[in-house]
Structures are given as structure tokens and as C-alpha cells.
Amino acid sequence: MAMVGVAVLAVFSCGEGKKINTDSDPDIFDLALWKNPPAQFRPCFRWWWPGGSVSEDELRRELKLFRDQGFGCVEIQPFAYGLTPVDLASDPEIKTVGSDSFFRKVGAACRIARELGLTVDLTFGSSWPSGGPFIREGRERQLLISSRDLSGPVFYTGPVPPVIKPKYQGVLELMMNAMAPFTGEAELVAVAAARVVDPGRVPVEIGEMMDLSGSLSGSQLSWSVPAGDWILFAFYENGTGQLVINPAYPETLTEALILDHLDRRGLEEMITGFGEPLVAHLEDYLGNTLQSVFVDSFELVGELPWTAGFLDIFATRIGYDLRPYLPLLFREYGEVKWLEAAGPSSNLYSAGAVGERVREDYEKARGELFRDRFVLPFLEWAHAHNLQVRLQNHGGFEDFLEGYELVDIPESEGLYAGGSYDFLKLASSAAHTAGKRYASSETFVAMVQDSRGLTRDDFYLLAGRALSAGINKIIHHGFPYLYHRRDGSRWFPFDGAYAPTLGMSSTFSSCSDETHPVWTDFPGLNAYIARLAYAFSRGKPRSEIAWLYPERAFPDLIATSSQGFSAGQGDSPVTAALKVAGLTYDRVNRDRLTGAVTANGRLKIGAAEYSGLLVTDLKTASPELLETMEAVSRAGIPVVVLGGLPARAPGWGNHEACDHEVAVIAGRLAEEVTEVAAPDELGGVFSSAGVSSPVLTAEGRLPFLLNRRVLREGEILLLFNESNQDLAENITLAIPGRKASILDPQSGEKAGEHTEKDSLGHFSFQIRIPSRRAVVIWVEK
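Quick summary incoming for the structure in this document. (Residues numbered from 1 in each chain as written. Predicted model: local features only at pLDDT ≥ 70, side-chain atom pairs only at ≥ 80, totals over all residues. Heavy atoms only, no water.)

**Quick word on the state of the cysteines**
As used here, a disulfide is simply a covalent bond connecting the sulfur atoms of two cysteines.
Turning to step 1, where the next piece is worked out: All told, the structure shown has one disulfide when counted by the stated rule.
Turning to step 2, where the next piece is worked out: Left unpaired, Cys511 is separated from the closest cysteine sulfur, that of Cys44, by 17 Å. (Disulfide = S-S within 2.5 Å.)

Here's what the structure looks like:
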């Protein structure tokens, strides 16, 4: 779920008029702009609209309110979340999203925002995931599985197993109104069989697998069943029936289908139904006031995500026939983002390592389709209309890091994966390796009992965690347009009292309207965030370690404030070890690392450079990836491995030859790299290899989080105290320079200045950082 995170730029905008961006040279750090940052660096407010039921007078009042509170932009999200059937029946203006009248109101918001020096982003559609009543041929698709047991030897002639309702759909129907009724309409695409090895195991162990599709005549099968116990499988393709969550389109809820992200037709219908009217009505604002369209996280469902012609596509891209292996891909509760957040669903069938390998190939193929048929053409369309794309790639089928890299502004969020530092680093890392200046995050969102329950310190902690992780655009989640339901209550979309409408038993933070207890603190908080966003969009990021992220996705875990927010919440042991060692890092994926080069003792990955390489939990690797690791080590760059070197290549096709090659290279590589047994060894190993923190303490452990940017004229460091105790620490800066200034982002003032250095040319002084706050050190050359 994605509500509002980090957006502190002019890129999230809707305005022309005055020239809002005064940031003429991003490689210069201007103390005057630091003290009073331009609007483009101020947080963005997610602005929930009750569909199209808004008035120009109230739009103006609220936009003035946002400006006065220190926000720099708004992101409009129009939907019907939290509105009852009575509300929808009584107010026809709600369900008008996509209509002429709706876009006239968006245009009015852009015009007023421009007058006030604000900018505006627009969600690409109504609610999420992307879809609408205009999605027909390009609707989301899935592959269904049904089966029956057979014992041989026997000659079987008869019907194949019939279509059955997916197990996950029954669960979702109890949770939320997110699915159209299951009709059973489906197209038979394949029939297969597998010998049962161990029916008592979970998952069921199967052996010999075969494609029987050639033995079909219509839906009738003729097959000579060999001796033993067998399972006969039928595979059907149909639409998932997944619906956009409480949209505010004119049509009924059950007509707003999710688009197929693996089929270009889905995006084309979305562009025709929503994108083209957007361009036609808002042409005067495109690329000036309205700079970005936003795509929320991909909360997709399906028994097995699929698309038309996938079997042929798989054979072309991967190189073998998938049909016999299809049973190995299915999970008990399908692939449903909302269910996976509670834990992974188990496979229905297994066949040793074969299932893992086939799954790797399947995910590779569908990830490429997601990229080639949705992300890239969507970017092409947006850029053709002078729009940028801000997108939350998590939950989709593409490699998370790859998808973040491709878009203009990669966005993380504070709800997915608990908003952990590890997860936030994916979006910022992708921005760094892709050479993108900004990474945003939907911030101040958690599953809570009180939507106004976040404290002042909670806001500072969550903002500081994102900024220290490399996020430099904060999207504040969020502000509800002033609207009253027919029962007289003020509308907040995620109000727990309206759970039957939402399909949830709790609520989400934050309802950051004028009644929030922290409302009067927002001007100071927003100025603080804006200063840090300005400082940490200067120059280029500086991370010492490239840390391989070997997975395509990141496991989800919904953030909840039931236990409060605390330092290091959700950190992996490796992240915790790197933090205390003061070693800044970026995550890189397999493809990026495979294409890395070395020069002048540095590892260059995309647009970023590093002093060391860390590889953890690498279970499989292509020969090319291992050869790159070998070349990096031989270039004198430390390569540290935790969890051992891989024993095989990914995938099933040509696996024997690839596995042999991997074993040979891994054998050589074992002599080149440094292997460690535990995360707490990492700091010492890298330090011995000449890779260490630029900030030193007497204990050798940093009690704060570190973020760095390098400019022509110096270096900027962020020191964030994530703990609930004020901090006073003597530090030494191993950074050359003529002057080190301590800057207070709360006031914008200089809190200290140091010019004296020790015999090594290092600055040494005491730093004081209040609880859950940050300070900035500006080291000038």
C-alpha cells in the first residue's frame, strides 16, 4: 500500500508561473539556500480527494494551508476509500474521476498551486493498483490449476479436471472487497501429469513430469497411464477479476479491473481511458506545474500471474517448454501481496531442486515482460508529454532494484517491509547507481489504532530514518480534503470505524489534518526536512561499499506502531554491523554487478563508485557474475563474502553446463575473496583492507547513522541520532578540508566551526545530537 512518503522536489509539481526551482547548480552548497530552501525541497503532502467532489474555494483554502505549513507540493489521490454506499448514492460528484469535470478541478488545483508557489503530482488513475472501467482486453490474468489422481497401468479416456475456484479468492472475500465474483470462465491451455513420489510430504513430492497437451481432443484426454500413482493436471487461463480498491470512476466498482502489467494492451487501455484525457485537459501544466504522474505499489493477486501467450514467450526467452513443469510453480494461496505480508505461501508440489530452478526462470521471464510491456512504454508515454514518472516498484514482478533504476524518481514507502532502513536503501541505491538525483518515500504511514497517534518524535524519527537511508524527497501521508459523510463525520479514508467499507479492522497513519496534535509542529518539521533534503541532493552520493542484493524482491512486513518506533527497527544483522562501523553502502543487483568495471582502485557500478564489495547469502550465480567478482578482487578491491560462495547457476535450462562452470570459477574465487563467518566481523575486515568510516570515535563504533555527499568544494555528512537519548560524542573526521562547520537543520544556523587539525590533517571535536534528530557537517576544501 502506498500513501505518501518522500517528495521534496520541484519534480513533483504542477506549476509554471514563477520559477520555483532556484537550484541552478546542484554541485554547490549554498548556506543561504540551506537556511531557506526553495519549495522544491519541502515535503509533499499526499492529498486525498473524495473522488471529484471538491470545490475551488476549498481547494484554495487547503492549498494556502499547505503552503503556510511549509509544504512544497501536493500529490492528488482521488478515490472513494472510507465512503459508504449512502455517501456515494447521495453525492454523484464523487464518482467522476476521469471525466471532463474532474480534470477541470485538477486544472483549478494546478492553477491555484502555481499562484501559491506550490507544485502538484497526480496519481495515474483512481486509487490503486492501476486499472479502471476502461480495462477490458488488457485485464490482469492468471493461470489456474486443477487436478485428479490416477493409478496405472490403465488407459484413461475422459474429461480433464474442471476449473476450480482459487483458494486465495475465498480468503480475500472474507477480508476485503477486492475481487469480482468467480465465474469459472477460463481457457484450457495445457494438460500435464506427474508421478507421485511421496504423497505424504508437504508439499507433495513428484517425480517424472510430462506434457499431455498433444493428447487432447477438445477437453477430452486419451492417455495410457504408466504403472504407479499419478496426478493429472489441467491448466486454465482467465482474468483474475481483481478490482481497483474503492475507486471513484463513474462506473460501478465491479467494472474497475486491474490492468495486465505483462501485456502491452493493459497499459494502452489505461492510457486511452485516463492518460489521454489527462493530457487533453491539463496540457498547459504538463512539464511545468504538473511534472510527475505517480504509480502506487503493485498489490497484485493471482493463482499464478500469467498473460496471453506466456508459454510461447517463455520458450523464446528462456529456451525450453514450461508445460511439464507447471505444477512446480503453484502455491497453496497463490501469489497475493496482502497474504504474503503475513508470511509466504507454501508450494503445492516439489521435485527437489527442479522446482526452485524452474521458478527462477519463470520469475525472470515475467520480470522482463513487466519491464518491457509496462514500465518502459509507460516511461516513453510520460516523457513524450513532458511528464516524469514517480513509481513504487515494490510488489511488482520486475527485479525491485532494476525497476527503481528505470523510473525518473524511484519511491520507497514506510508501510511495506515495515519501512525498515534495509528496504528504504533499495530505492536510494537504485537512484545512485542509475545517476538519478532524487529518491522519494511515502513516509509517516503505519498500521495503527489511532490515525492521529504519531507523536512529534515519531515524525522526526521516521523522517530521519528515510533521510539517513539516502531518501531526499519526503511524501507526507497524508491530508484528507475537508468532506463530511452523510452521517456528519469528517472523512478520513482509512478510518477504522468504516472498516466494512475498507475491508480492514484497523486504520493507517497519519490523518495529518488541522486536528492532529502535531499540526502546529509541522512548519518546524517541514523546514527541518527541507534543509536536509536540500543538503542531500547536492553533488553525488558517496558510499564505500557495494553490497549485492541477490533477490528479485524484498519480503514484506506491514509497519505497525503497536510497539512504538525504535532505533534499528527491522535492521538485518549485516545492516546493523555496517551502521556501527560507519560504512555507508548501496545495494546493487546481479545484472548491475555483472556489468561493473574497475578503474583507479575503485569499483564502478553504473553512475556510482565504491571502495569495496560485499556479497551475502548468494545461493546461485551466473558464471559471468562470478567472473566479475574475480576481476574486482584482482584489481585490488576487497571482496568480502558472508554465507559462502554459490554452488550452482540459476535456472533449469542448460543447468548442467552452467553449474560446472560456476563450480570451476567459485573454486578459483575462494582463493581471492575474504570470507567471514558473522556480520560483526565486517567492520574489522574492511578496515584492514583500507576501507573505513570517515568518522572515527574512541570506541570505534558510531552511535549515529551516517549519510554522505561529495561536492566540488567539499563534502556533506548527515549524522542522525536514531536513539531516544540525547547524544554527545567526540569524533574525528578523516576528511581533508580547510574548515568543518556544524549545521543545525532545526534552526538553519551554524552551530560550530572548526579549522584546527591534528598532525594527520583531521578535525577533532565534540558533536551533540538531540534524540531522534540530525546534524549536518559541511567540510569545505
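**Points about the environment of Asp457**
Turning to step 1, where the next piece is worked out: Structurally, Asp457 can be placed in helix H12 (residues 456–468).
Turning to step 2, where the next piece is worked out: Asp457 sits 108 residues away from Phe565 along the chain, and the two C-alpha atoms are 9.4 Å apart.
Turning to step 3, where the next piece is worked out: Excluding residues within four positions of it along the chain, Asp457 makes contact with Arg772 and Arg773. (Helix = DSSP H or I, 4+ residues; strand = E, 2+ residues; numbered from the N terminus. Contact = heavy atoms within 4.5 Å.)

**Concerning the side chain of His476**
Turning to step 1, where the next piece is worked out: Along the polypeptide, His476 turns up in strand S18 (residues 473–480).
Turning to step 2, where the next piece is worked out: Within the local environment of His476, its side chain forms a polar contact with the side chain of Ser512, the two groups lying 2.8 Å apart. (Polar contact = N/O pair within 3.5 Å; in protein donor to acceptor, adjacent residues only side chain to side chain.)

**Here's the deal with the sheet that holds strand S35 (residues 763–769)**
Turning to step 1, where the next piece is worked out: The three strands lie next to each other as S29-S32-S35, forming an open sheet whose pairing is antiparallel. The outermost strands of the open sheet, each flanked by one partner alone, are strand S29 (695–697) and S35. Averaged over all neighbouring strand pairs, the angle between strand axes comes to 40°, with direction disregarded.
Turning to step 2, where the next piece is worked out: Two strands pair when backbone bridges link them, and S29 and strand S32 (residues 727–733) are joined in this way by three bridges, in the antiparallel orientation. Residue Thr697 lies in a different strand from S32, and its bridge partner there is Ile731. (Pairing = 2+ DSSP bridges. Axes fitted to C-alpha atoms, helices over the stretch in contact; angles between N-to-C directions.)

**A closer look at the nonpolar core**
Turning to step 1, where the next piece is worked out: Trp47, Trp49, Phe274, Leu278 and Leu322 are the most contacted members of the largest nonpolar core, which has 188 residues in total.
Turning to step 2, where the next piece is worked out: Of all the elements, helix H9 (residues 353–384) adds the most residues to this core, at 12 residues.
Turning to step 3, where the next piece is worked out: Setting aside chain neighbours within four positions, we find Phe274 in contact with Val97, Gly98, Phe102, Phe103, Leu122, Thr123, Phe124, Gly125, Phe134 and Tyr249.
Turning to step 4, where the next piece is worked out: Leu625, Met629, Val641 and Leu669 belong to the second largest nonpolar core, which has 26 residues in total. (Core = buried A, V, L, I, M, F, W, Y, C linked by side-chain atoms within 4.5 Å. Buried < 20%, exposed > 50% of the residue type's maximum accessible area, 1.4 Å probe, protein only.)

**What about unusual backbone geometry?**
Turning to step 1, where the next piece is worked out: Cis geometry is adopted by the peptide bond preceding Pro203, which originates at Val202 and carries an omega value of 0°.
Turning to step 2, where the next piece is worked out: By secondary structure assignment, the location of Pro203 is in the loop between strand S6 (187–198) and strand S7 (204–211).
Turning to step 3, where the next piece is worked out: Across the junction of Ser509 and Ser510, the peptide omega takes the value -5°, indicating a cis bond.
Turning to step 4, where the next piece is worked out: The phi torsion at Phe444 lies on the positive side, around 70°, for a residue other than glycine.

**As for the pairing of strand S36 (residues 774–780)**
Turning to step 1, where the next piece is worked out: S36 sits mainly inside the fold: seven of its seven residues count as buried.
Turning to step 2, where the next piece is worked out: The two faces of S36 match: Ala774, Val776, Trp778 and Glu780 on one face and Val775, Ile777 and Val779 on the other face are all buried.
Turning to step 3, where the next piece is worked out: Note that strand S31 (residues 714–720) and S36 share seven bridges and pair antiparallel. Directly across from Phe720, in S36, lies its bridge partner Ala774.
Turning to step 4, where the next piece is worked out: As paired strands, strand S33 (residues 739–743) and S36 are joined by five bridges and run antiparallel to one another. Among the inter-strand pairings, Ser741 is bridged to a residue of S36, identified as Trp778.

**Here we look at the packing of aromatic side chains**
Turning to step 1, where the next piece is worked out: According to the stated counting rule, one finds 54 aromatic pairs in the structure shown.
Turning to step 2, where the next piece is worked out: Their ring planes at 55° and their centres at 5.5 Å tell us that Phe45 and Phe479 sit as a pair that is tilted. With a gap of 434 residues between them, Phe45 in strand S1 (residues 44–50) and Phe479 in strand S18 connect regions that are remote in the sequence.
Turning to step 3, where the next piece is worked out: Under the relative-accessibility criterion, Phe479 is labelled buried at 0%.
Turning to step 4, where the next piece is worked out: On the numbers, 6.2 Å between centres and 45° between planes, the contact of Phe310 with Phe314 is tilted. (Phe/Tyr/Trp six-rings, centres within 6.5 Å; stacked < 30°, edge-to-face > 60°.)

**Notes on the pattern of salt bridges**
Turning to step 1, where the next piece is worked out: Scanning the model with the defined rule gives 58 salt bridges in all.
Turning to step 2, where the next piece is worked out: Between Arg60 and Glu115 there is a salt bridge, with its nearest N and O atoms 3.1 Å apart. Taken as a pair, Arg60 in helix H2 (residues 56–68) and Glu115 in helix H4 (residues 100–116) lie far apart in primary sequence, 55 residues in all.
Turning to step 3, where the next piece is worked out: Judged by relative accessible area, which is 41%, Glu115 ranks as partly exposed.
Turning to step 4, where the next piece is worked out: Glu722 serves as the salt-bridge partner of Arg465, at 2.9 Å between the closest nitrogen and oxygen. (Salt bridge = Lys/Arg side-chain N within 4 Å of Asp/Glu carboxyl O.)

**Considerations on helix H5 (residues 167–175)**
Turning to step 1, where the next piece is worked out: By the burial criterion, the buried members of H5 are Tyr168, Gln169 and Leu172. Angular distribution of buried residues about the axis of H5 spans 95°; they occupy a single face of the element.
Turning to step 2, where the next piece is worked out: Structurally, H5 contributes buried residues whose contacts are with strand S5 (141–159) and helix H8 (337–340). (Arc of directions from axis to C-beta.)

**Quick word on the sheet that holds strand S26 (residues 612–616)**
Hydrogen bonds between backbone groups are what pair the strands of a sheet, and the pairing can be parallel or antiparallel.
Turning to step 1, where the next piece is worked out: Here five strands make up an open sheet; going across it, the order is S22-S21-S26-S27-S28 and the pairing parallel. The open sheet is flanked by strand S22 (585–588) and strand S28 (674–676), the only strands paired with a single partner. Each strand of the sheet is rotated relative to its neighbour by a mean of 25°, with strand direction disregarded.
Turning to step 2, where the next piece is worked out: Sheet analysis places strand S21 (residues 545–548) next to S26, joined by three bridges and oriented parallel. Bridging across to S26, Trp547 finds its partner in Leu614.

**A short note on the side chain of Arg390**
Turning to step 1, where the next piece is worked out: Here Arg390 shows up in strand S14 (residues 388–391).
Turning to step 2, where the next piece is worked out: Polar contacts involving the side chain of Arg390 include one to the side chain of Asp121, which spans 3.1 Å.

**Some points on the environment of His281**
Turning to step 1, where the next piece is worked out: Position of His281 among the secondary structure elements: in helix H6 (residues 264–282).
Turning to step 2, where the next piece is worked out: Remark: the alpha-carbon pair of His281 and Ala439, spanning 158 residues in sequence, is separated by 29 Å.
Turning to step 3, where the next piece is worked out: Here His281 is in contact with Asp100 and Phe103, once residues within four sequence places are set aside.

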